[in-house]
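Single-letter residue listing:
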Amino acid sequence: MRALAAALFFLLLGGSARAERLIVSVSNHRVTVTPNYSGEELVLFGSVEKDAATPADRTAYDLVVTVMGPRADMVTRRKERTFGIWINTDYRQFLQVPSYLALFANRPFDRITSPEIARRQQIGLNNVLLTQRVGGDYADVVPNDAFRSAFIRLRTQRGLYREDASAVTFLTPTLFRTGIPLPAEVPIGTYEVEIKLFANGAFIGKTETAFEIVKVGFEQFVANTARQNGLVYGLVTAAMALMTGWMASIVFRKD
Amino acid sequence: MQLYLPIADLPVNVFLVLAMGAAVGFVSGMFGIGGGFLMTPLLIFIGITPAVAVASVASHIAASSFSGALTYWRRRAIDPALASVLLCGGVTGTALGVWTFTQLRALGQLDLMIALSYVVLLTTVGSLMFSEGLRALMRTRRGAVPPRRTHNWIHGLPLKMRFKRSKIYLSVIPVVIIGIVIGFIGAVMGIGGGFILVPIMIYILRVPTSTVVGTSMVLTLVTMLFATMLHAVTNHLVDAVLALILMVGGVTGAQFGARAGQKIRGEQLRLLLGLLILSVGVRFAVELVIRPEDLFTIRELGVSG
């Protein structure tokens, strides 16, 4: 559905002449997470293709790569001291925010483009849209909001949110690469990658690609069963408990 | 050897968890208790969320109490009538407990409630047991006879029933109520409740020591099996891989614990157990009072799309 919308969007845009074309590819479109997976790094390659419409003075490009994991609702809670003990008092709900979010660029975000364009194009963790439910309203708040910054800080600590303004390297003036680190506790699902191209501070185009993270093996089977067939899972666990107890009483029987 | 726990969603060292299971099993075998009140805090301590710890420990306790109950059954040390009356209350209490657990989790206050109930319950039971053990120890030192047991108000209640194997004649009302209470706190706190149930049955219901442990194990077994089922169906929090490692460690440790326990005198055993329970309670209290490292926490409400 989303892919269809994106395709339509590009068709509509297709009318206007585009000077540069971005061609990208990730090293692996399907990452399998096995039980002993301890994180890995994907590599994104790409090149900027110029055509006849490209102004001759345009030589230096800037790139911002945004990787977004599957979206989820999350709650951030704050503890406060009440009656001498620390209790969760206030909370904010973040709606459909990416479970993994990485922003990479070839040089600091504030030198790539102006603050207004950065905000519009969601460049940098401070500018990414993180919708909160505040009472009955849905809105993003100022970047220095306590809940928003705590949310980003905690996700960053777990390696799930990151920004790195030196991760994109240009191998030639038009050929670039960047690594996408995926930590051990990476959420499974479809990851969208957005590559935005800038020149002289102006946004001149973008392209998208995607990859998928799937977990395989016994652990994933257990997790799926627990979520989808709670009753069967409970019965099997209960039976396992009884078997273990019974075996122990046989093995250690003192006769 | 690292193993990834599917529900707890974190990698753990198998041998560490196995050793924890064995250590708790040793203590539980020594004192004749389930050990849930030690296991759940230990799991929380190694980073497993309280919710998953509580739900997974339920199945671990079911395993250890089943192996215990089988042994007591062979020795005819279980009172089936008393156990069934207790179970009527126990099953109701467990259902109530799991329901409360789900509600608290939605409110974001589950971790606090688990910690608070640990503080209240463990410090109370711990100090009572400790002081009782101390008094008993003093009495034996002085060579005094223990006070004679008398009937209390509990024995004046209506709906009396004869429990043949325990040789007591007792109203079913307090028995059912005790069952409900134990089932409830078991489901919310991830404990079997044996360490509370046994003293209550001895001191309040006057159940003879010959059937008390076996009968309490039957209650623990059924309520914990029921709790495992309910936690699995409603909250999807039971980590079977974690539970299996704990069970294997636990039942093995319990055998050695039981042998060690026979070498220690009853009063000293109660004194030690009281001290152990008290210290777990105090540890939880300290945790609540000191300023947490991070005031903010995040919980994911399920991935969609």
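Just so you know, these numbers come straight off a predicted model, no measurement behind them. (Residues numbered from 1 in each chain as written. Chains lettered and ligands numbered in written order. Predicted model: local features only at pLDDT ≥ 70, side-chain atom pairs only at ≥ 80, totals over all residues.)

### Some words on the overall build of chain A
So, step 1. Scanning chain A from N- to C-terminus turns up six helices and 14 strands.
So, step 2. The C-alpha radius of gyration computed for chain A amounts to 24 Å, which surpasses the reference 18 Å derived for 255 residues by more than 25%, pointing to a less compact arrangement than a globule.
So, step 3. Structurally, chain A occupies a C-alpha span of about 95 × 45 × 35 Å along its principal axes.
So, step 4. Out of the 255 residues belonging to chain A, those deemed buried represent 30%.
So, step 5. Excluding contacts between residues fewer than 6 apart, the proportion of contacts in chain A whose partners are at least 24 apart in sequence is 67%. (Helix = DSSP H or I, 4+ residues; strand = E, 2+ residues; numbered from the N terminus. Rg over C-alpha atoms; globule rule 2.2 N^0.38 Å. Buried ≥ 20, exposed ≤ 12 C-beta atoms within 10 Å, placed from the backbone. Contact = placed C-beta atoms within 7 Å.)

### A closer look at the interface of chain B and chain A
In many reports, interface size means the accessible area that the parts give up when they come together.
So, step 1. In this assembly, 46 residues from chain B lie in contact with 46 residues from chain A.
So, step 2. Of all the elements in the fold, those that place two or more residues in the side of chain B that touches chain A are β1 (2-5), α3 (50-74), α8 (209-235), α9 (240-261), α10 (266-289) and β5 (296-303) of chain B.
So, step 3. Residue composition of the side of chain B that touches chain A, by class: 28 nonpolar, 14 polar and four charged. (Nonpolar A, V, L, I, M, F, W, Y, C, P; charged D, E, K, R; others polar.)

### A look at the environment of E267(B)
Residues and elements named next belong to chain B.
So, step 1. Examined against the element boundaries, E267 turns out to sit in helix α10.
So, step 2. Accessibility expressed as a C-beta count within 10 Å gives 18 for E267, which makes it partly exposed.
So, step 3. With 19 residues separating them in the primary sequence, E267 and V248 have C-alpha atoms 30 Å apart.
So, step 4. With residues near it in sequence (within four places) discarded, E267 still touches G133, A136, L137 and T140.

### Considerations on the nonpolar core
Considering soluble globular proteins, one finds that nonpolar side chains tend to be buried as a cluster.
So, step 1. A62(B), L221(B), L225(B) and I277(B) are the most contacted members of the largest nonpolar core, which totals 110 residues.
So, step 2. Non-local contacts of A62(B), meaning those with residues more than four positions away in its chain, are made with A238(A), A241(A), L221(B), M224(B), L225(B) and T228(B). (Core = buried A, V, L, I, M, F, W, Y, C linked by C-beta atoms within 7 Å.)

### Points about the pairing of strand β3 (residues 40-50) of chain A
All names here are of chain A.
So, step 1. With seven bridges joining them, strand β1 (residues 20-26) and β3 adopt antiparallel strand pairing. Paired with S25 across the strands is F45, a residue of β3.
So, step 2. Two elements, β3 and strand β12 (residues 175-182), share eight bridges in a ladder whose sense is antiparallel. Residue pairing in the sheet places L42 in a bridge with I180 of β12. (Pairing = 2+ DSSP bridges.)

### Quick word on the sheet that holds β1(A)
So, step 1. Strands sit in the order β1-β3-β12-β11 (chain A) across an open sheet of four strands; the sheet is antiparallel. Bordering the open sheet on either side are β1 and β11 (169-170) of chain A, each of which pairs with just one other strand.

### Brief notes about the environment of A102(A)
Residue and element names in this part refer to chain A.
So, step 1. Mapped onto the elements of the fold, A102 is located in strand β7 (residues 101-105).
So, step 2. Judged by the 25 C-beta atoms lying within 10 Å of it, A102 falls in the buried class.
So, step 3. In this structure, the C-alpha to C-alpha distance between A102 and D164, residues 62 residues apart in sequence, is 8.0 Å.
So, step 4. Each residue touching A102, except ones within four places of it in the same chain, is listed here: V67, R162 and I180.

### Here's the deal with the domain arrangement of chain A
So, step 1. Splitting chain A by domain gives domain 1 (20-216) and domain 2 (218-255).
So, step 2. Placing a centre on the C-alpha atoms of domain 1 of chain A and another on those of domain 2 of chain A gives a separation of 41 Å. (Domains from an automatic or database assignment.)

### Digging into helix α1 (residues 14-31) of chain B
Residue and element names in this part refer to chain B.
So, step 1. Helix length check: α1, at 18 residues, gives a terminal C-alpha distance of 26 Å against a target of 26 Å (1.5 Å per residue), a fit within 8%.
So, step 2. Residues V17, M20, G21, A22, V24, G25, F26, V27, S28, G29, M30 and F31 constitute the buried set of α1.
So, step 3. The positive-phi residue at the C-terminal boundary of α1 is G32, with phi of around 70 degrees. (Expected span 1.5 Å × (residues − 1).)

### Comments concerning the packing of helix α4 (residues 80-107) of chain B against helix α6 (residues 172-189) of chain B
All names here are of chain B.
So, step 1. As a packed pair, α4 and α6 sit with axes 6 Å apart at the nearest point and diverge in direction by 35 degrees. Handedness of the α4/α6 crossing: right-handed.
So, step 2. Residues that form the contact of α4 with α6 fall into these classes: 21 nonpolar, 10 polar and no charged. (Axes fitted to C-alpha atoms, helices over the stretch in contact; angles between N-to-C directions. Left-handed = near helix turned anticlockwise from the far one by under 90°.)

### A short note on the UniProt feature "transmembrane region" (unreviewed entry) in chain B
Residues and elements named next belong to chain B.
So, step 1. UniProt marks residues 12-38, 44-69, 81-101, 113-131, 172-205, 211-230, 237-257 and 269-290 with the feature "transmembrane region" (unreviewed entry), using the numbering shown here.
So, step 2. Span residues 12-38 is 78% helix and 7% strand, its end C-alpha atoms 18 Å apart.
So, step 3. This span, residues 172-205, is 82% helix and 0% strand, and a straight line between its end C-alpha atoms measures 10 Å. (UniProt positions renumbered as here; feature names shortened; annotations may be inferred.)

### Considerations on the packing of helix α7 (residues 194-203) of chain B against α8(B)
All names here are of chain B.
So, step 1. Where α7 meets α8, the closest approach of the two axes is 10 Å, and the angle between their N-to-C directions is 140 degrees. Between α7 and α8, the interaxial angle falls into the category oblique. Every pair of crossing elements has a handedness; the one defined by α7 and α8 is right-handed. Here α7 contributes G194, L197, V198, M201 and I202 to the contact with α8, which in turn contributes T209, V212, V213, S216, L219 and T220.
So, step 2. When the residues that make up the contact of α7 with α8 are grouped by side-chain class, the tally is seven nonpolar, four polar and no charged. (Parallel < 35°, antiparallel > 145°, perpendicular 65-115°, else oblique.)

### Looking at unusual backbone geometry
Residues and elements named next belong to chain A.
So, step 1. Even without glycine at this site, Q96 takes up a positive phi of about 50 degrees.
So, step 2. In this structure, Q96 sits in strand β6 (residues 85-98).
So, step 3. Under the C-beta neighbour-count criterion, Q96 is labelled partly exposed, with 14 such atoms within 10 Å.

### Notes on the confidence of the model for chain A
So, step 1. Here chain A shows a mean pLDDT of 82. Residues at 70 or above account for 91%.
So, step 2. Here residues 7-17 of chain A scores under 50 on pLDDT; set against residues more than four positions off or in separate chains, the count is one contact. (pLDDT = per-residue confidence, 0-100.)

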